[in-house]
Amino acid sequence: MLGHTPVLLEEVMKFLDPKPGGRFIDATLGAGGHTRAILERTAPDGRVLAIDQDELALAGARESLQSFGSRLIMEHSNFKNIAPLAAGHGFLEVEGVLADIGISSMMVDDPSRGFSFMREGPLDMRMDRTQDLTAADVVNTYAEKEIADILYTYGEERRSRPIARSIVRARPLRLTTDLTRAIERVMGGPRGRIHPATRTFQALRIFVNGELSSLESFLDSSMTVIRSGGRLVVITFHSLEDRIVKQKFRTPPVPGRVLTKKVVVATEEEVRRNPRARSAKLRAWEKS
Ligand SMILES: C[S@@+](CC[C@H](N)C(=O)[O-])C[C@H]1O[C@@H](n2cnc3c(N)ncnc32)[C@H](O)[C@@H]1O
């Protein structure tokens, strides 16, 4: 996709080190930036199995990456299913697996997906639009205490209780702007670098998409599909996810070693070019 810049591309390539003929799994295809780079480096006959739970991302990549033909296999699925998908496509014992987790810029920029408090749209927030649960269901039907717990657990929002109360009072909430207003009633309007709605939106998104439990299952399973000496590279965008990755790499279900003693972050130069890279954290692991 034009205008999309994959984050930490150089660093990802350094750790995955794709060679001609290699087989890799990109668990989060998105706009296909990392997959494209892997396919270019594994030419002429290397292959990528690319997974995404967002069918719009797959549709875009199908077009933009069509020149790679059968070297690229795409699957609409949650990455927690990586093991059966890999087995089904002959991608066991792969050289490497990549996950660049979170929402794509395509999702954030599309008001109809409801991910952004900067854009008015329905309170949806589903990455996989074939799933039933939406953010509107949560804010309109869950008990106040459940909402407060979600905001606290997944957004680390200290004012979770008053915000939950304000949400319940504002029912029914239909639009992202309804939610932002309910939050601002407690937190006040935007000031400083972090918008007062940031944590609540993050929390609802993580909850609606079951992001943390998917990540846990994905990490366990991906380690089993990598060959000995193969690598797992994971990029996360907030501390809850990074904590899970760090912990799993330290105590993996199969033997391996951490390649990133210190977490890798984007250079100032990359952040200047691509502000989305600001909060990206990369960790890499090698199977014994
Ligand atoms: C940041 S984007 C990936 C960008 C990609 N690396 C690129 O270069 O264009 C993250 C993608 O991961 C997908 N995703 C997030 N969680 C997922 C999950 N549990 N299973 C499958 N895909 C997921 C999202 O739908 C989104 O398209």
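Residues numbered from 1 in each chain as written. Predicted model: local features only at pLDDT ≥ 70, side-chain atom pairs only at ≥ 80, totals over all residues. Heavy atoms only, no water.

In this section: the overall build of the protein. Looking only at helices and strands, one finds 13 helices and eight strands in the protein. Taking 19 Å as the expected radius of gyration for a compact globule of 288 residues, we find that the protein reaches 19 Å, a close match to that expectation. Counting the 288 residues in the protein, one finds 53% classified as buried. Residue pairs at least 24 apart in sequence account for 70% of intrachain contacts in the protein once pairs closer than 6 positions are excluded. Summed over all atoms, the accessible surface of the protein reaches about 13,300 Å², with 50% contributed by carbon and sulfur. Distance from the positive charge centre (43 side chains) to the negative charge centre (37 side chains) of the protein: 6 Å. (Helix = DSSP H or I, 4+ residues; strand = E, 2+ residues; numbered from the N terminus. Rg over C-alpha atoms; globule rule 2.2 N^0.38 Å. Buried < 20%, exposed > 50% of the residue type's maximum accessible area, 1.4 Å probe, protein only. Contact = heavy atoms within 4.5 Å. Areas by Shrake-Rupley, 256 points an atom, 1.4 Å probe, with all protein chains shown as cover. Lys, Arg positive; Asp, Glu negative; His and termini not counted. Charge placed at Lys NZ, Arg CZ, Asp CG, Glu CD.)

Applying the stated rule across the entire model yields five aromatic pairs. On the basis of an interplanar angle of 75° and a centroid distance of 5.4 Å, the ring pair of phenylalanine 117 and phenylalanine 201 is categorised as edge-to-face. Here phenylalanine 117, found in the loop between α5 (105–109) and α6 (135–141), pairs with phenylalanine 201, found in helix α10 (residues 198–208); they are 84 residues apart in sequence, far enough to count as distant. Accessibility assignment for this pair places phenylalanine 117 and phenylalanine 201 in one class, buried. With 5.8 Å between their ring centres and 85° between their planes, tyrosine 142 and phenylalanine 207 make a pair best called edge-to-face. On the criterion of sequence distance, the pair formed by tyrosine 142 in the loop between α6 and α7 (144–155) and phenylalanine 207 in helix α10 is long-range, its members being 65 residues apart. You can call phenylalanine 207 partly exposed: its relative accessible area is 24%. Connected via pairs of aromatic rings, a cluster forms that spans Tyr142, Tyr154 and Phe207. (Phe/Tyr/Trp six-rings, centres within 6.5 Å; stacked < 30°, edge-to-face > 60°.)

The subject of this paragraph is α10. Most of α10 is tucked away, with eight of its eleven residues classed as buried. Where α10 is buried, its residues contact α6, α7, α8 (160–169), α9 (176–187), α11 (211–225) and α12 (239–250). Of the residues trailing α10, glycine 210 is marked for its positive phi of about 55°.

Let us look at helix α2 (residues 33–41). Looking only at α2, the buried set comprises Gly33, His34, Thr35, Ala37, Ile38 and Leu39. As for α2, its buried residues are in contact with α1 (9–16), β1 (23–26), β2 (47–52), β3 (72–76), β4 (94–100) and β5 (226–236).

Surveying the vicinity of the ligand reveals 23 residues, the closest of which are His4, His34, Asp52, Phe79 and Asp100. Aspartate 52 has a polar side-chain atom sitting 2.6 Å from an oxygen atom of the ligand. Within the side chain of asparagine 78, one N or O atom sits 3.2 Å away from a nitrogen atom of the ligand. When the ligand is considered free in solution it has 600 Å² of accessible area, and contact with the protein chains removes 99% of it. In the shell around the ligand, the residues fall into eight nonpolar, eleven polar and four charged. (Near = heavy atom within 4 Å. Polar contact = N/O pair within 3.5 Å; in protein donor to acceptor, adjacent residues only side chain to side chain. Nonpolar A, V, L, I, M, F, W, Y, C, P; charged D, E, K, R; others polar.)

Where β1 meets β2, four bridges bridge the pair, whose relative direction is parallel. From the neighbouring strand, aspartate 26 faces β2, where its bridge partner is alanine 50. Once the chain exits β1 it traverses α2 before rejoining the sheet at β2, and the crossover so formed is right-handed. As paired elements, β1 and β4 share three bridges and run parallel to each other. Of the residues in β4, the one forming a bridge with aspartate 26 is leucine 98. (Pairing = 2+ DSSP bridges. Right-handed = clockwise from strand over helix to strand, strands pointing away.)

Here we come to the domain arrangement of the protein. Domain annotation of the protein identifies domain 1 (9–106 + 211–287) and domain 2 (132–208). Measuring from the centre of the C-alpha atoms in domain 1 to the corresponding centre in domain 2 gives 30 Å. Taken as a group, Glu211, His238 and Leu240 account for 59% of the area that domain 1 buries against domain 2, more than any other trio of residues on that side. Between glutamate 211 and arginine 205 there is a salt bridge, with the nearest N and O atoms lying 2.8 Å from each other. Breaking the side of domain 1 that touches domain 2 down by element, the ones donating at least two residues are α11 and α12. Sort the elements by how many residues they give to the side of domain 1 that touches domain 2 and α12 lands first, with four residues. Among the residues making up the side of domain 1 that touches domain 2, the classes are represented as three nonpolar, three polar and four charged. (Domains from an automatic or database assignment. Buried area = accessible area lost by both parts, 1.4 Å probe. Salt bridge = Lys/Arg side-chain N within 4 Å of Asp/Glu carboxyl O.)

Time to look at the side chain of threonine 200. In this fold, threonine 200 is placed in helix α10. Relative accessible area serves as the criterion here: at 0%, threonine 200 is assigned to the buried category. With near-sequence residues (within four places) excluded, threonine 200 lies in contact with Leu151, Glu157, Ile163, Leu179 and Ile183.

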